[in-house]
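Close look at the chain arrangement
Take a look at the letters that make up each chain.
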Amino acid sequence: MTQLIRAAFSARWLSGATVFLVAWIIGSKAAEGMSALQWAGAIVALAGSIAWAVIEQVWPAHQRLPAED
């Protein structure tokens, strides 16, 4: 039971950390200068990481079936 809680908790933190990491990388590369194509890729990467974080927060958990005796 604790493994399930730990797995869900860590997946939520990992998805949030991914948003932060992608935004940090985009910011550091933007300071150096980026082309329009690089900006487009950065926006797609950020949208993907945000989508993952949102899906992780709102996706319903799997319902376990009761064991048959």
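Now for a quick tour of the structure. A quick note: this is a predicted structure, and the numbers were derived from the prediction, not measured.

Definitions and cut-offs
Residues numbered from 1 in each chain as written. Predicted model: local features only at pLDDT ≥ 70, side-chain atom pairs only at ≥ 80, totals over all residues. Heavy atoms only, no water. Helix = DSSP H or I, 4+ residues; strand = E, 2+ residues; numbered from the N terminus. Buried < 20%, exposed > 50% of the residue type's maximum accessible area, 1.4 Å probe, protein only. Areas by Shrake-Rupley, 256 points an atom, 1.4 Å probe, with all protein chains shown as cover. Expected span 1.5 Å × (residues − 1). Contact = heavy atoms within 4.5 Å. Patch = residues over 30% accessible without salt bridge, like charges linked within 9 Å, V, L, I, M, F, W, Y side chains within 5 Å. Salt bridge = Lys/Arg side-chain N within 4 Å of Asp/Glu carboxyl O.

This paragraph deals with the overall build of the protein. Of regular secondary structure, the protein possesses two helices and zero strands. Going through the 69 residues of the protein one by one, you find that 10% of them count as buried. For the protein, the accessible area works out to roughly 6000 Å², and carbon and sulfur atoms hold 71% of it.

A few words on helix H2 (residues 36–58). For H2, which comprises 23 residues, the first-to-last C-alpha distance of 33 Å matches the rise-based estimate of 33 Å (1.5 Å per residue) to within 8%. Residues of H2 that are buried: Ala42, Ser49 and Ala53.

By the secondary structure assignment, alanine 17 is in helix H1 (residues 2–32). For alanine 17 and serine 49, which are 32 residues apart along the polypeptide, the C-alpha to C-alpha distance reads 9.3 Å.

What follows deals with the side chain of serine 15. Following the sequence through the fold, serine 15 ends up in helix H1. For serine 15, a relative accessible area of 1% gives the class buried. In contact with serine 15, not counting residues within four places along its chain, are Ser49, Trp52, Ala53 and Glu56.

Okay, the side chain of serine 49 next. Tracing the backbone through its elements, the reader meets serine 49 in helix H2. A residue is classified by how much of its surface remains accessible, and serine 49, at 4% relative accessible area, is buried. Sequence-distant contacts of serine 49, that is, excluding residues within four places in its chain, are made with Ser15, Thr18, Val19 and Val22.

Glancing now at a nonpolar patch on the surface. A cluster of nonpolar side chains, contributed by Phe20, Leu21, Trp24 and Ile25, occupies part of the molecular surface with about 470 Å² of accessible area. Note that leucine 21 resides in helix H1. Under the relative-accessibility criterion, leucine 21 is labelled partly exposed at 40%.

Once that is clear, we can look at the environment of glycine 41. Its place among the elements puts glycine 41 in helix H2. Sequence separation of glycine 41 and isoleucine 26 is 15 residues, and the distance between their C-alpha atoms is 9.7 Å.

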